[in-house]
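Single-letter residue listing:
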Amino acid sequence: MFPDTLWTEDLILRPIALGDTGAIFDEYAQDPEVTRYLTWSPHASVRETEDYISGCIASETSRTFTLLGRRDRQLRGALTIRRDVPGRIGFGYVLSRRSWNQGLMTEALTEVVGWAMKQRDVWRVGATCDVDNVAAARVMEKAGLLREGLLKRWMVHPNVEDAPRDCWIFARTR
């Protein structure tokens, strides 16, 4: 249902593991700037990160991958692939601040979109992002997804405000 591991020129995407707890907490989970447009608040403790990873591992409809530098094996971020609805794949991603502006998430997402489009039973791959999250929108565009429209009051991003916010929807179809 999901790939085991994906390789790009600069990254290794492998399933998240409890052994990643410290690196995830240190690299991005507690960083308010990194988590600004995510659907969860910054983690206040390593235990919170551990619980998050346990939930990722237990999921039957998604697989979360850590993004490791191919040369240095350092954790850079994470990308979750979701199959909640037949025929569709969704995703979400986060990248540590030290890895911003290097093209790494575009590289990872391009690989995931390519994998998804090769699946016989997948017709659509896509996601949303907050209208103010220009970087996430640009990553999706560079990965070959098209901006399909605006979803008014679509999703709560608790680090921005408690009310649902407008989001762009991006997808690639076959």
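You'll find the structure just up there.
Notes on the structure follow. (Residues numbered from 1 in each chain as written. Predicted model: local features only at pLDDT ≥ 70, side-chain atom pairs only at ≥ 80, totals over all residues. Heavy atoms only, no water.)

1. With respect to the pattern of salt bridges
Pairing between side chains becomes possible if they bear opposite charge and their charged atoms approach one another. Inspection of the entire model under this criterion finds 16 salt bridges. As a salt-bridge pair, Arg71 and Asp10 come within 2.9 Å of each other at their nearest N and O atoms. Highlighted residues: Arg71 in the loop between β3 (62-69) and β4 (75-82) and Asp10 in the loop between β1 (6-7) and β2 (11-15), separated in sequence by 61 residues. On the basis of relative accessibility, which here comes to 65%, the residue Arg71 falls in the exposed class. In this structure Asp10 comes out as partly exposed when scored by relative accessible area, which is 22%. Among the ionic pairs, Arg83 bridges to Asp121, the shortest N-O distance being 2.9 Å. Taken as a pair, Arg83 in the loop between β4 and β5 (88-95) and Asp121 in the loop between α3 (104-117) and β6 (124-130) lie far apart in primary sequence, 38 residues in all. Residue classification places Arg83 among the buried residues on the basis of a relative accessible area of 15%. (Salt bridge = Lys/Arg side-chain N within 4 Å of Asp/Glu carboxyl O. Helix = DSSP H or I, 4+ residues; strand = E, 2+ residues; numbered from the N terminus. Buried < 20%, exposed > 50% of the residue type's maximum accessible area, 1.4 Å probe, protein only.)

2. Describing the state of the cysteines
Inspection of every chain in the model, using the stated rule, returns 0 disulfides. Cys129 takes part in no disulfide bond, and the closest cysteine sulfur, belonging to Cys167, lies 7.0 Å away. The class of Cys129 is buried, set by a relative accessible area of 6%. Looking at Cys167, the relative accessible area reads 0%, which means it is buried. (Disulfide = S-S within 2.5 Å.)

3. Things to note about helix α1 (residues 21-29)
Here α1 has its buried residues at Thr21, Ile24, Phe25, Tyr28 and Ala29. Taken down its axis, α1 places every buried residue within 120 degrees of arc, on the same side. Buried residues belonging to α1 abut α2 (46-58), β3, β4 and β5. (Arc of directions from axis to C-beta. Contact = heavy atoms within 4.5 Å.)

4. Quick word on the environment of Trp154
Relative to the helices and strands, Trp154 is located in strand β7 (residues 146-156). Overall, Trp154 belongs to the partly exposed group, its relative accessible area being 48%. Residues Trp154 and Trp168 lie 14 residues apart in sequence; the distance between their C-alpha atoms is 9.1 Å. Trp154 has contacts with Thr128, Pro164, Arg165, Asp166 and Cys167, leaving out every residue within four places of it along the chain.

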